[in-house]
Amino acid sequence: MQSNTTVQVDRRRGGGSPTRRRGIGRRFLQSVGLPYLFLSPYLVLFAVFFIVPLLYALHLSLYVTRLVGGTTFVGADNYKQVFQDSNFWEGVRRMFFFGIFQVPIMLGLALAFGLLLDGGSVRFKTLFRLGFFLPYAIPSVVAALLWGYLYGKGFGLFDYVANWAHLPSPDFLGDSGMVPSLANIVTWQWTGYNMVIIYAALKAIPIDLYDAATVDGASGWQIARYVKLPLVLPAIMLTTIFSIIGTLQLFNEPQIMNSLAPGVIQDHYTPNLYAYNVAFTNQEFNYSAAISFVLGTVAFLASYVFMLVVSRRSAD
Amino acid sequence: MAAKISDTGRSPRDRSAQGFWSRQTLIMVFMFLFLIYFILPLFWLVVSSTKTDADLFATFGLWFGDSFNLFTNIHSVFTRDGGVYREWLWNTAYYAICSAAGSAFIATLAGYTFAKFRFPGRNVIFSMVLGSILIPLTALAVPTYLLLNNIGLINTPLAVILPSLVNPFGVYLMRIYTEQSLPDELLDAARVDGANELRIFFSVVLRIVAPGFVTVLLFSFVGTWNNYFLPLLVLSKPDFYPLTVGLASWNSLASGGGGSQILFSIVLTGSLIAIIPLMTAFLLLQRYWESGLTFGGVKA
């Protein structure tokens, strides 16, 4: 910092008055023009593909388009309909139930793997880290059809093993089996990704902190619980929020499973699937926009409430 | 380690060393069980793509069948429907490379600006970028589709590439990475040397933040390569499909049964070919993305 100031002073002294005059213009350019120039690619795209669609969705959701009569302004009518739409809330309830179990299991595993790989009692760390992470590189479409084949009744791997052991066929794709089956696909895909984020946060903890705790005679478990866990809490929060949003947006996996179990996965199985089908099968873009908007708000509120609860907890 | 401690013969340490050993075994068993869980489906996929459609249903899934049919399957994948798979592969690579390079570059530029410049509106804009992470993209699906439709971009590569360039998490990661890795003194020195700001960005900043850049590049590459929802919305002609949408369409034909001629073995072999590039990229670039994420993790 100190040397930096001296350098600038030296330069001014040498340059004389013309430099100083240019310096003022340059300073303005530096402080406003340049940053905005550098930001402009992102800001333009952000405006076109985020702000405008968001406002457009809001706009769409306030109108109704009919074959006869054209487009009319209906105010909050679409939203009233969403709030009374049992198809929509059935999907939301299903995803809520899904998330209550799936997110803690996935993040609990990710945290356990992260702590174990960061601690001293596991060997072949790179093998585990890469092996656990690998499913993240698989497109969710492939993951879903891959697991679909494993689950399948009459041809799947589990069925084959069950037959061989003279056990009844497991019903992964039935009415009650589908939610856990989907949860398993998501867990398979995303545990490693979340582990990597948590592991990165663990690696960023300064070594001195461990040394101090080790000198004080803390056990590996105590260090994990009282030193590491509080320090990676922000990373856990981040992964939780991503998971909440991801859960409410669940689309690819059920959409792929639909071809295996069309009777179970209906058009409104998840709220996102519902919004998609309302828009692109029924061509009701206005109503779909309202559904998406309510879904977005639910996801935003869920993340927000979660952050509020955690920050209040950790403040106590 | 355990042996060394018990050599010293101190009893409390001894007991803990033994406990340590057995706990370590349990932990390793736990880790290996999960390794099997994560790897087994991929192994099954590899095995399955060597089988004929008949073997696929008749033989045990986790071992090779009576015939080795991998090359026939690969041939079928690439010749089915007039060789459309080749188009899908090419489209996917094209969309992913353009989106990844573009979004990583734009995010680096923005992250650097947020990290190293003080300007009016900085905090407001950055909060908006962060806030946008919390908005599910599906809320934007229908209007994005309608907008792209209005400007005539539906069924063009740009319909997939342009929305993929907006990567708020990349901006966030690059801001933190730049703050942590790029000293102000270096920028000042370059300015004193008379380098203009663009040159500073290209020859100083980009070089220093390269690991962060590679991280964002790789993750947005994966994001676009694996994306299904966006291309499903904005592309309806099979010639423009990426692998995900193409494979899903084959899969629903195969599962639908009836008169369709798509075989499961082809869908599975096509899936295997689709995932090889990304797995290779992750394994080869491991050092880069792990160090890039570690920096991001400091404040993440």
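Rules of the game
Residues numbered from 1 in each chain as written. Chains lettered and ligands numbered in written order. Predicted model: local features only at pLDDT ≥ 70, side-chain atom pairs only at ≥ 80, totals over all residues. Heavy atoms only, no water. Helix = DSSP H or I, 4+ residues; strand = E, 2+ residues; numbered from the N terminus. Buried < 20%, exposed > 50% of the residue type's maximum accessible area, 1.4 Å probe, protein only. Areas by Shrake-Rupley, 256 points an atom, 1.4 Å probe, with all protein chains shown as cover. Lys, Arg positive; Asp, Glu negative; His and termini not counted. Charge placed at Lys NZ, Arg CZ, Asp CG, Glu CD. Pairing = 2+ DSSP bridges. Expected span 1.5 Å × (residues − 1). Bend = angle between axes of the 7 residues up to and from the residue. Polar contact = N/O pair within 3.5 Å; in protein donor to acceptor, adjacent residues only side chain to side chain. Phe/Tyr/Trp six-rings, centres within 6.5 Å; stacked < 30°, edge-to-face > 60°. Lys NZ or Arg CZ within 6 Å of the ring centre and 35° of its normal. Contact = heavy atoms within 4.5 Å.

Enquirer: Residue-level account of the overall build of chain A, with values.
Expert: Helix and strand content of chain A: 13 helices and two strands. When the backbone C-alpha atoms are referred to their principal axes, chain A occupies close to 85 × 70 × 40 Å. Split into buried and exposed, the 316 residues of chain A put 49% on the buried side. In the structure as shown, chain A presents an accessible area of about 15,400 Å², 65% of it carried by carbon and sulfur atoms. Here chain A holds 21 positive side-chain charges and 15 negative ones, and the gap between their average locations is 19 Å.

Enquirer: Residue-level account of the pairing of strand 2 (residues 70-73) of chain A, with values.
Expert: All names here are of chain A. Of the pairings in the sheet, the one linking strand 1 (residues 63-66) to strand 2 comprises four bridges and is antiparallel in character. Residue pairing for strand 2: Val 64 is matched across the bridge by Thr 72. Between strand 1 and strand 2, which pair antiparallel and follow one another directly, the connecting turn spans three residues, one of which, Gly 69, has a positive phi of 105 degrees.

Enquirer: Residues and numbers for helix 8 (residues 178-203) of chain A, please.
Expert: Under the 1.5 Å per step criterion, the end-to-end length of helix 8 of chain A is 37 Å for 26 residues, consistent within 8% with the ideal 38 Å. A maximum bend of about 40 degrees is found in helix 8 of chain A at A:Trp190.

Enquirer: Got a sec to walk through the side chain of A:Asp85? Specific residues and values, please.
Expert: Residues and elements named next belong to chain A. Relative to the helices and strands, Asp 85 resides in the loop between helix 3 (77-84) and helix 4 (86-118). Within the local environment of Asp 85, its side chain forms a polar contact with the backbone nitrogen of Asn 87, the two atoms lying 2.9 Å apart. Within the structure, the side chain of Asp 85 is placed 2.7 Å from the side chain of Tyr 274, a separation counted as a polar contact.

Enquirer: Give a description of the packing of aromatic side chains that names residues and reports values.
Expert: Following the criterion strictly, the structure yields 72 aromatic pairs over all chains and no others. Taken together, a centroid distance of 5.4 Å and an interplanar angle of 85 degrees make the contact between B:Phe282 and B:Trp289 edge-to-face. Comparing B:Phe282 with B:Trp289, the two get one shared label, buried. The side chain of A:Arg94 reaches across the aromatic face of A:Tyr269, ending 4.1 Å from its centre. Directly above the ring of A:Tyr226 sits A:Arg225, whose terminal nitrogen or CZ lies 4.8 Å from the centroid.

Enquirer: Give me unusual backbone geometry: which residues, what numbers.
Expert: Residues and elements named next belong to chain A. A positive phi angle, close to 55 degrees, is found at His 166, a residue other than glycine. With respect to the helices and strands, His 166 occurs in the loop between helix 7 (157-164) and helix 8. The class of His 166 is exposed, set by a relative accessible area of 73%. Positive phi is not limited to glycine here, since Gln 283 has a value of about 60 degrees. Residue position: Gln 283 is located in the loop between helix 12 (271-280) and helix 13 (285-315).

Enquirer: Describe helix 6 (residues 141-150) of chain B, and please don't skip the residues or the numbers.
Expert: All names here are of chain B. Along helix 6, seven of the 10 residues are buried, which leaves the element largely enclosed by surrounding structure. All of the buried residues along helix 6 are Ala 141, Val 142, Pro 143, Thr 144, Tyr 145, Leu 146 and Leu 148. Looking one or two residues beyond helix 6, the residue adopting positive phi is Gly 152, at roughly 75 degrees.

Enquirer: Describe the side chain of B:Ser48, naming the residues involved and giving the relevant values.
Expert: Following the sequence through the fold, B:Ser48 ends up in helix 2 (residues 11-48). In this view, B:Ser48 contacts B:Leu56 and B:Leu268; residues no more than four positions away in its chain are not counted.

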